[in-house]
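Chain residues, written in single-letter form:
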Amino acid sequence: MADTKQVDEGTDAKQTARAERRAARLAKEINAFAKAHGGAEAHVAYIGEGGARIVLVGEDGHWGDLVAPTYAIAGKAVQKAGITVHEAFDGEFAGKVKTGPYEWTRMAGIQLGGKRTV
């Protein structure tokens, strides 16, 4: 039994270290986005077994996203990055997003008879 416990403890430590490294890499990417866009704010959304999506909105209105393997890692990444995190993607926060022709063509253009860009 003692051998199994030691293996389990070693595995837990490895998983924790791996999660910390992943969160640090995501935080680095978040900080790079924020630097390129005059600052950033985020919303973290659970996407099921795929993990969590970190939606970033820059002060200039540009947006992007990252996917973390778990919601906990996503939360740790935005915390390490030190940016504002919104509970919901609505209202004033959503109003900061600037969309261009690409987004309209991809998201709404297809339904409105626009050119398909698959």
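Above this text you will find the structure in question.
Computed from a predicted structure; not experimentally measured.

Caption draft 1: Quick peek at a positive patch on the surface. The grouping of Lys14, Arg18, Arg21 and Arg25 at the surface amounts to a positive patch. Here Arg25 is to be found in helix α1 (residues 2–36). The exposure class of Arg25 is partly exposed, given its relative accessible area of 45%.

Caption draft 2: Highlighting helix α2 (residues 71–81). Those residues of α2 not exposed but buried are Ile73, Ala74, Ala77, Val78 and Ala81. Each buried residue of α2 sits inside an arc of 130° when the element is viewed along its axis, so together they form one side. With respect to the buried face of α2, the exposed residues turned more than 90 degrees away are Ala72 and Gln79. One or two residues past the end of α2 sits Gly82, with phi positive at roughly 75°.

Caption draft 3: Spatial organisation of the nonpolar core. Ile30, Ile54, Leu56, Val78 and Ile83 are the most contacted members of the largest nonpolar core, which totals 20 residues. Among the secondary structure elements, those contributing two or more residues to this core are α1, β1 (40–46), β2 (52–58), β3 (63–68) and α2. By residue number, the principal contributor to this core is α1, which donates six residues. Residue contacts for Leu56: discarding those within four places in its chain leaves Ile30, Phe33, Glu41, Ala42, His62, Trp63, Gly64, Leu66 and Ile83.

Caption draft 4: Inspection of the packing of aromatic side chains at higher detail. Tallying each qualifying case throughout the model produces one aromatic pair. Where Phe89 meets Phe93, the ring centres are 5.1 Å apart and the plane angle is 75°; that geometry is what we call edge-to-face.

Caption draft 5: Representation of the pairing of β3 in the model. Residue alternation in β3 divides its side chains into a buried set, Gly64, Leu66 and Ala68, and an unburied set, Trp63, Asp65 and Val67. As consecutive antiparallel partners, β2 and β3 are separated by four residues, and within that stretch Gly61 has a phi angle of approximately 95°, a positive value.

Caption draft 6: Spatial organisation of the sheet that holds β3. The four strands lie next to each other as β3-β2-β1-β4, forming an open sheet whose pairing is mixed. A strand with exactly one partner marks an edge of an open sheet, and here the two such strands are β3 and β4 (84–86). Across the sheet, the axes of successive neighbouring strands diverge by a mean angle of 30°, strand direction being ignored. Relative to β3, β2 runs antiparallel, the two sharing six bridges. Within the sheet, the bridge partner assigned to Leu56 lies in β3 and is Gly64.

Caption draft 7: Expanded view of the side chain of His37. Summarising the element assignment, His37 is placed in the loop between α1 and β1. For His37, the side chain forms a polar contact with the side chain of Asp60, separated by 2.9 Å. Once residues within four sequence positions are removed from consideration, His37 is found in contact with Gly58, Glu59, Asp60 and His62.

Cut-off values and rules
- Residues numbered from 1 in each chain as written.
- Predicted model: local features only at pLDDT ≥ 70, side-chain atom pairs only at ≥ 80, totals over all residues.
- Heavy atoms only, no water.
- Patch = residues over 30% accessible without salt bridge, like charges linked within 9 Å, V, L, I, M, F, W, Y side chains within 5 Å.
- Areas by Shrake-Rupley, 256 points an atom, 1.4 Å probe, with all protein chains shown as cover.
- Salt bridge = Lys/Arg side-chain N within 4 Å of Asp/Glu carboxyl O.
- Lys, Arg positive; Asp, Glu negative; His and termini not counted.
- Charge placed at Lys NZ, Arg CZ, Asp CG, Glu CD.
- Helix = DSSP H or I, 4+ residues; strand = E, 2+ residues; numbered from the N terminus.
- Buried < 20%, exposed > 50% of the residue type's maximum accessible area, 1.4 Å probe, protein only.
- Arc of directions from axis to C-beta.
- Core = buried A, V, L, I, M, F, W, Y, C linked by side-chain atoms within 4.5 Å.
- Contact = heavy atoms within 4.5 Å.
- Phe/Tyr/Trp six-rings, centres within 6.5 Å; stacked < 30°, edge-to-face > 60°.
- Pairing = 2+ DSSP bridges.
- Axes fitted to C-alpha atoms, helices over the stretch in contact; angles between N-to-C directions.
- Polar contact = N/O pair within 3.5 Å; in protein donor to acceptor, adjacent residues only side chain to side chain.

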